[in-house]
Amino acid sequence: MAIDPEELLPKKKLPDIVPGQDLSALSEHELEARIAVLEAEIGRSREAIAARRHTKSAADAFFKR
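Residues numbered from 1 in each chain as written. Predicted model: local features only at pLDDT ≥ 70, side-chain atom pairs only at ≥ 80, totals over all residues. Heavy atoms only, no water.

## What about the environment of Ser-24?
(1) Moving on: When you line up the elements, Ser-24 lands in the loop between helix H1 (5-8) and helix H2 (28-63).
(2) Moving on: In this structure the side chain of Ser-24 is engaged in a polar contact, spanning 2.9 Å, whose partner is the side chain of Asp-22. (Helix = DSSP H or I, 4+ residues; strand = E, 2+ residues; numbered from the N terminus. Polar contact = N/O pair within 3.5 Å; in protein donor to acceptor, adjacent residues only side chain to side chain.)

## As for the side chain of Arg-34
(1) Moving on: Here Arg-34 is to be found in helix H2.
(2) Moving on: Despite its burial, Arg-34 remains without a salt bridge, the nearest opposite charge being carried by Asp-16 at 9.6 Å.
(3) Moving on: Setting aside residues up to four positions removed in sequence, Arg-34 forms contacts with Ile-17, Val-18, Gln-21, Leu-23 and Leu-26. (Buried < 20%, exposed > 50% of the residue type's maximum accessible area, 1.4 Å probe, protein only. Lys, Arg positive; Asp, Glu negative; His and termini not counted. Salt bridge = Lys/Arg side-chain N within 4 Å of Asp/Glu carboxyl O. Contact = heavy atoms within 4.5 Å.)

## Focus: H2
(1) Moving on: Taking 1.5 Å as the rise per residue, H2 with 36 residues should run 52 Å; its terminal C-alpha atoms sit 52 Å apart, in good agreement.
(2) Moving on: Listed as buried for H2 are Arg-34, Val-37 and Asp-60. (Expected span 1.5 Å × (residues − 1).)

## Here we look at the packing of aromatic side chains
(1) Moving on: Taken as a whole and assessed by the stated rule, the structure comprises 1 aromatic pair.
(2) Moving on: Their ring planes at 90° and their centres at 4.8 Å tell us that Phe-62 and Phe-63 sit as a pair that is edge-to-face. Neither Phe-62 nor Phe-63 differs from the other in exposure class; each is exposed. (Phe/Tyr/Trp six-rings, centres within 6.5 Å; stacked < 30°, edge-to-face > 60°.)

## Looking at the pattern of salt bridges
(1) Moving on: In total, this model carries 2 salt bridges according to the counting rule given.
(2) Moving on: A salt bridge links Arg-44 to Glu-41; the shortest N-O distance between them is 2.8 Å. Residue Arg-44 and its partner Glu-41 are located together in helix H2, separated by 3 residues, close to a single helical turn.
(3) Moving on: Residue Arg-44 is classed as exposed on the basis of its relative accessible area, which comes to 55%.
(4) Moving on: Asp-60 is paired through a salt bridge with Lys-56; the nearest N and O atoms lie 2.9 Å apart. You can see Asp-60 and its partner Lys-56 sitting in helix H2, 4 residues apart, about one turn around the helix.
(5) Moving on: Owing to a relative accessible area of 19%, Asp-60 belongs among the buried residues under this scheme.

The structure is reproduced here in structure tokens:
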């Protein structure tokens, strides 16, 4: 089995994001990075929802609900 070269690259450490965290101590750059991480997670969540809906639709069609 071949190794994917991307698996060998070091993983980027994402900033710890805690809902309700005090934002007053964060810099503008840190806030922008936080927003980027949150937006990426929202996108991943939406893709996961779409995949589950697709799977459910396929199952419903198969079982003719």
